[in-house]
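Inside the fold
Spelled out, the chains give:
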Amino acid sequence: MSPAGLRHLTWSRVGVAVCVGLIAFGALVALLPHHRNAVPLPMSLPRGTAGDRLSNLRLEELAQQTAEQFVIACDTTDPAHPAGDLATETALAPGLDVSHDVVWPAARNTEDRRTTVTLDPPGPPVAEPGNTVAVIVTGIMTVTSDSAPPAAVPVAERIALVHSPNDGGASGWRVVDVEVGA
C-alpha cells in the first residue's frame, strides 16, 4: 500500500470493513446446512446428496405420522371400543404392552363416553440412545358422553420409535415406548 493510500485509511473505514466482513460471514453460516441435533436415520444413499436430505426428511415425516397414528389409535374411543383402536395400536407397536389402566380425569371415565383427539403438529424426531427417536405429541382430547357436558383433556405423550423396514409396517417405524404426560 502506498503512503497516499494509508492516509485515506481511517479507523472508521477499518470498522466498516470489519462489520461488512462479519455480516458476510454470518450470511454464509446461515446459508450452510446445519447438522446440530440431527437424527441418525438409516440411509441407503451416500451422505451429502440431495436424495439423502430428501430421504431424511421423508423418514422424519413418517416417524411423526406413526407417532400421531399411534396416539389417535390409543386415545380415540367409543363405548364399543373403550380401549381405542387395538388393531392399529398392535400393528404400530407389535410386542409393546400398552397399559390402558392410566388414571384419567373423571370426564374420561364417564359411562358411554367417547373421546376424540385433535393433535398439534408433532415436534421433530429427537435422537435417543439405543438407536431410537422420540416424537413429542400434544393436543386436546375431547370427552363426550350422554350424561355430562363435553370436557377437554390435554394430551402430552412422548412416543419412542425405532426404524425397522422389515417389521415396522408401511412407514418402517415401530413404536417401542410410550410416556404419557411427557
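Presented here is an overview of the structure given in this document.

About the criteria used
- Residues numbered from 1 in each chain as written.
- Predicted model: local features only at pLDDT ≥ 70, side-chain atom pairs only at ≥ 80, totals over all residues.
- Heavy atoms only, no water.
- Salt bridge = Lys/Arg side-chain N within 4 Å of Asp/Glu carboxyl O.
- Helix = DSSP H or I, 4+ residues; strand = E, 2+ residues; numbered from the N terminus.
- Buried < 20%, exposed > 50% of the residue type's maximum accessible area, 1.4 Å probe, protein only.
- Core = buried A, V, L, I, M, F, W, Y, C linked by side-chain atoms within 4.5 Å.

A few points about the pattern of salt bridges
Under the defined criterion, the tally for this structure stands at 4 salt bridges. Residue E128 is joined to R158 by a salt bridge in which the shortest nitrogen-to-oxygen separation is 2.8 Å. Linking E128 in strand β2 (residues 126–128) with R158 in strand β4 (residues 151–163), this pair joins segments that are 30 residues apart in sequence. Looking at E128, the relative accessible area reads 26%, which means it is partly exposed. Judged by relative accessible area, R158 falls into the buried class, the value being 15%. Because the salt bridges share partners, they merge into one network encompassing E128, R158, D177 and E179.

Digging into the environment of V153
Mapped onto the secondary structure, V153 falls in strand β4. For the pair formed by V153 and M141, sequence separation is 12 residues and the distance between their alpha carbons is 5.0 Å.

Section: the nonpolar core
Ranked by internal contacts, the top residues of the largest apolar core, which has 23 residues, are F70, V137, I159, L161, W173 and V175. Listed by contribution, the elements that provide at least two residues to this core are α3 (50–75), β1 (114–119), β3 (132–144), β4 and β5 (173–180).

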